[in-house]
Amino acid sequence: MSELPVLPSSLLPTDGRFGAGPSRVRPEQIDALISAGPGLLGTSHRQAPVRHLVGGIREGLAEFFDLPDGYEIILGLGGASTFWDSAAFSLVRRRAQHLSFGEFGSKFAQVTDKAPHLERSDILRADPGSRPVGPEPREGIDVYAWPQNETSTGVIMDVARPVGTDTDALTVIDATSAAGGMHVDASQTDVYYFSPQKNFGSDGGIWFAAVSPAALERISEISRSDRWIPDVLSLATAVDNARKNQTYNTPALAGLVMLDQQVRWLNDNGGMKWAAGHTRATSSLVYDWAERTPSATPFVVDPAYRSPVVCTIDFDDTVDAARVLAVLRANGVVDVDPYRKLGRNQLRIATFASVPAGDVEALLACIDWTLENALS
Ligand SMILES: *Cc1c(COP(=O)(O)O)cnc(C)c1O
């Protein structure tokens, strides 16, 4: 194979990371890590310095999401995928309804569907690139669950409680790639959970959730029942520990430092309103480019469904997306690969909160240059 072409250096972004998670870490987050040095890294998570750090993150997230009275930020190890198992044990009383329109929504649906202590789940499906109309209130459903941003396809779903549900049913939102980059009215959710390696530019392996008083009550009710719940997955245990600014088992401290810096940065910049406006603007650069580029089209046909944080762009058969990806990667512009199982001739570009407009423009210029000069 011939060597891959070198892109003109004047076109390159300042930072070539456009992945949908792990995502770019801002230099200030690395600086925070260095300052955290001996005073915090390598010290006990049961002592004041780390507990203070966790407390600061919980407060900062509560401010960012403008949490209503009585809502709390809880956390636990393992990430969003682990949270699905925790939810099957600690949130679903008997039966969940899921909206499934991509990999992530579908995986959570499988978890509750297979859990032997629960009834088979009610799964409302739509093809990748589209989405179901919305949750459908039904007798006997005690959890309604869907992703706000389906990261595998770049389709968003509104976050609003299903109308006409049992007052007792919980709305549980996978906000892994939405939180920190999209608007949410937290009062429309009971559990709004995420991993911090997307808009928050931190490390994975941990989850955070904003939980409502009703969700706290449900967690407590189920923990008092005779259901067996593994300790590491128990949300009642997570709540008890979170209230002490701790986790049940040992967290990775570096990720907490980077997350803390990002939450402060977001809040100092204008919080959720700023972040949502910023990602709307940067994603529009990508979608507008795809609309005017003859060989490209936004994968998500309905503009109202298009994600402001994960832009999926299809190429026609005059362009080999794999070749474009290879040229970009050889030049340090990385991770715009499509979701592996989707199997499309596509680029997936994350426009998370940390990605500046200038870098998005530079990325698009690099793609244009590749289309013109380096397709074969
Ligand atoms: C990335 C992602 C997940 C999985 O997160 P992990 O931290 O890898 O478990 C789940 N849901 C959505 C919507 C995601 O984007």
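See the structure printed just above.
Residues numbered from 1 in each chain as written. Predicted model: local features only at pLDDT ≥ 70, side-chain atom pairs only at ≥ 80, totals over all residues. Heavy atoms only, no water.

**Focus on the overall build of the chain**
Phase 1 of the analysis: Each helix and strand in the chain was counted, giving 10 helices and 12 strands.
Phase 2 of the analysis: Relative to a compact globule of 376 residues, whose C-alpha radius of gyration would be 21 Å, the chain shows 21 Å and is just as compact.
Phase 3 of the analysis: The dimensions of the chain, computed from C-alpha atoms along their principal axes, are 65 × 50 × 40 Å.
Phase 4 of the analysis: For the chain, buried positions account for 60% of its 376 residues.
Phase 5 of the analysis: Considering only contacts in the chain between residues 6 or more positions apart, those separated by 24 or more positions represent 74%.
Phase 6 of the analysis: Carbon and sulfur atoms form 51% of the exposed surface of the chain, whose accessible area is close to 15500 Å².
Phase 7 of the analysis: When the 33 positive and 46 negative side-chain charges of the chain are each reduced to one mean point, those points stand 4 Å apart. (Helix = DSSP H or I, 4+ residues; strand = E, 2+ residues; numbered from the N terminus. Rg over C-alpha atoms; globule rule 2.2 N^0.38 Å. Buried < 20%, exposed > 50% of the residue type's maximum accessible area, 1.4 Å probe, protein only. Contact = heavy atoms within 4.5 Å. Areas by Shrake-Rupley, 256 points an atom, 1.4 Å probe, with all protein chains shown as cover. Lys, Arg positive; Asp, Glu negative; His and termini not counted. Charge placed at Lys NZ, Arg CZ, Asp CG, Glu CD.)

**With respect to the packing of aromatic side chains**
Phase 1 of the analysis: For the structure shown, the criterion picks out 13 aromatic pairs.
Phase 2 of the analysis: Taking the centre distance of 5.4 Å and the plane angle of 75° together, the rings of phenylalanine 65 and tyrosine 192 count as edge-to-face. Separated by 127 residues along the polypeptide, phenylalanine 65 in the loop between helix 2 (48-64) and strand 1 (72-77) and tyrosine 192 in strand 8 (residues 191-194) bring together distant segments of the chain.
Phase 3 of the analysis: Members of the aromatic cluster, each reached through a chain of ring pairs, are Phe64, Phe65, Tyr192, Phe194, Phe200 and Phe208.
Phase 4 of the analysis: Taking NZ or CZ as reference, lysine 198 lies 5.3 Å from the ring centre of phenylalanine 104, over its face. (Phe/Tyr/Trp six-rings, centres within 6.5 Å; stacked < 30°, edge-to-face > 60°. Lys NZ or Arg CZ within 6 Å of the ring centre and 35° of its normal.)

**What to know about the pairing of strand 9 (residues 206-211)**
Phase 1 of the analysis: By the criterion of burial, strand 9 is predominantly enclosed, with six of the six residues buried.
Phase 2 of the analysis: The alternating pattern of strand 9 places Ile206, Phe208 and Ala210 on one face and Trp207, Ala209 and Val211 on the opposite face, and all of these are buried.
Phase 3 of the analysis: Judged from the four bridges that link them, strand 8 and strand 9 form a sheet pairing that is antiparallel. Bridge assignment links tyrosine 192 to a residue of strand 9, and that residue is alanine 210. (Pairing = 2+ DSSP bridges.)

**A look at the site of the ligand**
Phase 1 of the analysis: Within the structure, the ligand sits among 13 residues, and Ser81, Thr151, Asp174, Ser195 and Lys198 are positioned closest to it.
Phase 2 of the analysis: In the environment of the ligand, an oxygen atom lies 3.3 Å from a nitrogen or oxygen atom belonging to the backbone of alanine 80.
Phase 3 of the analysis: Take serine 81: an N or O atom from its side chain is 2.6 Å from an oxygen atom of the ligand.
Phase 4 of the analysis: Starting from 390 Å² of accessible surface for the ligand in isolation, the protein chains cover 88%.
Phase 5 of the analysis: Sorting elements by how many residues they give to the shell around the ligand places helix 3 (residues 80-90) first, with three residues. (Near = heavy atom within 4 Å. Polar contact = N/O pair within 3.5 Å; in protein donor to acceptor, adjacent residues only side chain to side chain.)

**Considerations on the pattern of salt bridges**
Pairing between side chains of opposite charge can happen when the charged atoms of each approach one another.
Phase 1 of the analysis: Counted according to the given criterion, the structure contains 19 salt bridges.
Phase 2 of the analysis: For the salt bridge of glutamate 221 with arginine 93, the shortest nitrogen-to-oxygen distance reads 2.8 Å. Residue glutamate 221 is located in helix 5 (residues 213-224), and its partner arginine 93 is located in the loop between helix 3 and strand 2 (96-100); the two are separated by 128 residues in the primary sequence.
Phase 3 of the analysis: Salt-bridge contacts for aspartate 314 lead to arginine 344; the nearest nitrogen and oxygen are separated by 2.7 Å. Within this pair, whereas aspartate 314 is found in strand 11 (residues 310-315), its partner arginine 344 is found in the loop between helix 9 (321-330) and strand 12 (346-350), the two being separated by 30 residues in sequence.
Phase 4 of the analysis: Aspartate 314 gets classed as buried once you look at its relative accessible area, which sits at 10%.
Phase 5 of the analysis: On the basis of relative accessible area, arginine 344 is assigned to the partly exposed category, the value being 39%.
Phase 6 of the analysis: Salt bridges sharing common partners tie together Arg93, Asp168 and Glu221. (Salt bridge = Lys/Arg side-chain N within 4 Å of Asp/Glu carboxyl O.)

**Some thoughts on the sheet that holds strand 11**
Phase 1 of the analysis: Reading across the sheet, the three strands line up as 10-11-12 and stay open at both edges, with antiparallel pairing between neighbours. Each having just a single partner strand, strand 10 (296-298) and strand 12 make up the two edges of the open sheet. With direction set aside, neighbouring strand axes in the sheet form an average angle of 30°.
Phase 2 of the analysis: As paired strands, strand 10 and strand 11 are joined by three bridges and run antiparallel to one another. If you follow alanine 296 over to strand 11, its bridge partner there is phenylalanine 315. (Axes fitted to C-alpha atoms, helices over the stretch in contact; angles between N-to-C directions.)

**Observations concerning the sheet that holds strand 7 (residues 170-174)**
Phase 1 of the analysis: In space, the seven strands of this open sheet follow the order 1-9-8-7-4-2-3, with mixed pairing throughout. At either margin of the open sheet sits one strand with a lone partner, and together these are strand 1 and strand 3 (122-125). Mean inter-strand twist for the sheet, computed between neighbouring axes without regard to direction, equals 20°.
Phase 2 of the analysis: Sheet topology places strand 4 (residues 143-147) next to strand 7; five bridges connect them, and they run parallel. Among the inter-strand pairings, alanine 145 is bridged to a residue of strand 7, identified as valine 172.
Phase 3 of the analysis: Across the sheet, helix 2 is in contact with strand 1, strand 8 and strand 9; its angle to strand 1 comes to roughly 130°.

**Looking at the environment of alanine 215**
Phase 1 of the analysis: Of note, alanine 215 is situated in helix 5.
Phase 2 of the analysis: Looking at alanine 215, the relative accessible area reads 0%, which means it is buried.
Phase 3 of the analysis: Spatially, the C-alpha atoms of alanine 215 and aspartate 190 are 5.7 Å apart, while their sequence positions differ by 25 residues.
Phase 4 of the analysis: For alanine 215, the residues in contact, after removing those within four places along its chain, are Leu91, Leu170, Asp190 and Val191.

**Some details on helix 5**
Phase 1 of the analysis: The end-to-end C-alpha separation of helix 5 is 17 Å, in line with the 16 Å expected for 12 residues at 1.5 Å each.
Phase 2 of the analysis: The complete set of buried residues in helix 5 reads Ala215, Leu216, Arg218, Ile219 and Ile222. Taken end-on, helix 5 shows its buried residues confined to a sector of 160°, consistent with a single buried face. (Expected span 1.5 Å × (residues − 1). Arc of directions from axis to C-beta.)

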